[in-house]
Amino acid sequence: MWPLELLGVLPAALPPHSSPRPIIPRPPPHAAADAPPARVPLFTHSSTGADGQFFPCVRIPTAVAVPGGPVRLAFAECRRWIGDGCEPTALPRPAAAHPADESDRFICLKRSTDAGRTWGALENTNVTQMRSTNPSAVWDLHTSSVRLFFSADDHFQNRSGIHAVSSTDSGLSWSAAVAQTVEGTGAPLLGSVGPAHGAISTRRRDGSLLTALASHLHRPHPIKPRASSPMRTFDTWVYTSVLGGDGHWRLARGDLPFIGETQLAVLMDDTILLNSRCADGGHGPGTPPTQTYPVPCHRHSRAVARSTDAGRSFGPLSFDDDLPDPNCQGALLQLSGDPLGRVAFSNAASRHGRVNMSLRISTDATAARWAQPGTMLSAAAAPAPPY
């Protein structure tokens, strides 16, 4: 699955705009005919879907490539309200919006039929048929389908927790949503999956298939991990499935405090690499670390952990100081077909704010060292929400 920033169309987080406009300028009209395709905006604020639905705020993008052809599908949260770091200027709140109802958001879909060079309109403004957040799309090898995991947040339908929908026709139609549960207990998977690459599906070296997803929680749950610190407010749990699309998940062992919006990648040796933001009740380094962040979030580095037993357990959590981060979402991806088995990583590569949107490639298959980043966008990637 290719994140939008690797498809070359937009960074992992969208900046607020007063009107739809390119994130990165288009080339001038006299550009050479053989020049590479321009990077153009895929999702913009103040968007209207094919069904006439208007969304003043569009955030949290991800994308997936359908194997064997040029079809690419892109998903994002389409919101009917303004806030949470999305503050387009001079834009009145639409009359149909519910200002106090942050669940009034939906997962939207766009399609490309030429491998991401051009994109259609918002053709589906409610893929999941419910209010939902945190799209995490993956090509599921178990079922040979596009599978979209998401966090249901619809009190009108009394739906919550992690769900999934799937498509066997490249996103033209979608199954009904299936609630995901814990293997053996039937307890619902609560919290938030991903987003972006919070879900993976892979064929291991022995030929077996493995699917995994990561969820971060900040409220009580039927299964409680070991306590690490009374200061933490988030836990990341990784669930794996060797059975595929049955919707039942096994909780991996490991203590993963302080982190959220976790990304996963499977390395060449079948190690599962976990890469995450450090998270607490606030977002961004705007106030002193002693007041805002639990130790060690004040380091502003990406959190990493590894599993060498097919996701049954994860080793100790550590912080990669070669990957600076303002405690914000990033994107991680194992490069399919790369003979060196390298991994791509993108984020706002700064310890001082959500700026310097960059792409790095690991120097080898272990993803323990990283090449110098290439900057895709030096301006603000997304403002820190005011909480």
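Above this note sits the structure.
This text gives an overview of the structure that appears in the document. Everything numeric here is computed off the predicted structure, so don't read it as measured data.

1. Things to note about the overall build of the chain
Next, step 1: Scanning the chain from N- to C-terminus turns up 2 helices and 23 strands.
Next, step 2: Looking at the chain as a whole, 57% of its 387 residues are labelled buried.
Next, step 3: Sequence separation of at least 24 residues holds for 58% of the intrachain contacts in the chain that already meet a minimum separation of 6.
Next, step 4: Total accessible area on the chain stands at roughly 15800 Å², and carbon and sulfur atoms take up 54% of it.

2. A word on the nonpolar core
Next, step 1: Judged by nonpolar contacts, the single largest core of 20 residues is most densely connected at Ile200, Val238, Leu256, Leu264, Ile272, Leu274 and Phe314.
Next, step 2: Breaking this core down by element, the ones donating at least two residues are strand E13 (209-217), strand E16 (259-266), strand E17 (272-278) and strand E18 (301-307).
Next, step 3: Leaving out residues up to four positions away in the same chain, valine 238 has contacts with Leu213, Ala214, Arg250, Leu251, Ala252, Leu256, Leu264, Leu274 and Phe314.

3. Notes on the sheet that holds strand E3 (residues 57-65)
Next, step 1: Taken in spatial order, the 3 strands line up as E3-E4-E5 in an open sheet, and their pairing is antiparallel. On the outer flanks of this sheet lie E3 and strand E5 (105-112), each paired with one strand and no other. Mean inter-strand twist for the sheet, computed between neighbouring axes without regard to direction, equals 25°.

4. Things to note about the state of the cysteines
Two cysteines, two sulfur atoms, one covalent bond between them: this is a disulfide.
Next, step 1: Scanning the model with the defined rule gives 1 disulfide in all.
Next, step 2: Residue pairing for cysteine 78: its cysteine sulfur links by disulfide to cysteine 108, the two sulfurs lying 2.1 Å apart. Of this pair, cysteine 78 sits in strand E4 (residues 72-79) while cysteine 108 sits in strand E5; the two residues are 30 residues apart in sequence, bridging distant segments of the chain.
Next, step 3: Taking relative accessible area as the criterion, cysteine 78 reaches 0% and is therefore assigned buried.

5. Concerning the sheet that holds E16
Next, step 1: The 4 strands are arranged E16-E17-E18-E19 in an open sheet whose pairing can be described as antiparallel. Since the sheet does not close on itself, it has two edges, and those belong to E16 and strand E19 (318-324), each with one partner. Strand-to-strand twist across the sheet, computed as the mean angle between neighbouring axes with direction ignored, equals 35°.
Next, step 2: Sheet analysis places E17 next to E18, joined by 5 bridges and oriented antiparallel. Following the sheet pairing, leucine 274 is matched in E18 by alanine 305.

6. Digging into the pairing of strand E7 (residues 145-154)
Next, step 1: For E7, a buried count of 9 out of 10 residues is recorded, marking the element as mostly surrounded by other parts of the structure.
Next, step 2: In textbook terms, the turn of a hairpin is the stretch between consecutive antiparallel strands, and for strand E6 (residues 132-140) and E7 this stretch comprises 4 residues, one of which, serine 144, has a positive phi near 50°.
Next, step 3: As paired strands, E7 and strand E8 (residues 159-167) are joined by 9 bridges and run antiparallel to one another. Bridged to aspartate 154 within E8 is arginine 159.

7. Re the packing of aromatic side chains
Next, step 1: The full count for this structure, using the stated rule, is 3 aromatic pairs.
Next, step 2: With a centroid separation of 5.7 Å and 75° between ring planes, the pair formed by phenylalanine 149 and tryptophan 249 is classed as edge-to-face. Placement of phenylalanine 149 in strand E7 and of tryptophan 249 in strand E15 (residues 248-251) is noted, with a sequence separation of 100 residues between them. Of the two residues, phenylalanine 149 and tryptophan 249, neither departs from the other in class, the shared state being buried.

8. Focus on the side chain of asparagine 347
Next, step 1: On the secondary structure map, asparagine 347 appears in strand E21 (residues 343-348).
Next, step 2: A polar side-chain atom of asparagine 347 sits 2.9 Å from the main-chain carbonyl oxygen of proline 324.
Next, step 3: Of note is the side chain of asparagine 347, whose polar atom sits 2.9 Å from the side chain of aspartate 325.
Next, step 4: With residues up to four places along the chain from it excluded, the contact list for asparagine 347 reads Arg302, Pro324, Asp325, Gln329, Gly330, Asn356, Met357 and Ser358.

9. Quick notes on unusual backbone geometry
Next, step 1: A cis amide bond links glycine 194 to the next residue, proline 195, at an omega of 5°.
Next, step 2: Its location among the elements puts proline 195 in the loop between strand E11 (192-193) and strand E12 (199-203).
Next, step 3: Even without a glycine there, the phi angle at glutamate 261 is positive, about 50°.
Next, step 4: Take glutamate 261: it is sitting in strand E16.
Next, step 5: With a relative accessible area of 18%, glutamate 261 lands in the buried category.
Next, step 6: With a phi close to 60°, asparagine 327 is a non-glycine residue in the positive phi region.
Next, step 7: Position of asparagine 327 relative to the elements: it lies in the loop between E19 and strand E20 (331-334).
Next, step 8: Assessed through its relative accessible area of 0%, asparagine 327 is described here as buried.

Cut-offs and rules
- Residues numbered from 1 in each chain as written.
- Predicted model: local features only at pLDDT ≥ 70, side-chain atom pairs only at ≥ 80, totals over all residues.
- Heavy atoms only, no water.
- Helix = DSSP H or I, 4+ residues; strand = E, 2+ residues; numbered from the N terminus.
- Buried < 20%, exposed > 50% of the residue type's maximum accessible area, 1.4 Å probe, protein only.
- Contact = heavy atoms within 4.5 Å.
- Areas by Shrake-Rupley, 256 points an atom, 1.4 Å probe, with all protein chains shown as cover.
- Core = buried A, V, L, I, M, F, W, Y, C linked by side-chain atoms within 4.5 Å.
- Pairing = 2+ DSSP bridges.
- Axes fitted to C-alpha atoms, helices over the stretch in contact; angles between N-to-C directions.
- Disulfide = S-S within 2.5 Å.
- Phe/Tyr/Trp six-rings, centres within 6.5 Å; stacked < 30°, edge-to-face > 60°.
- Polar contact = N/O pair within 3.5 Å; in protein donor to acceptor, adjacent residues only side chain to side chain.

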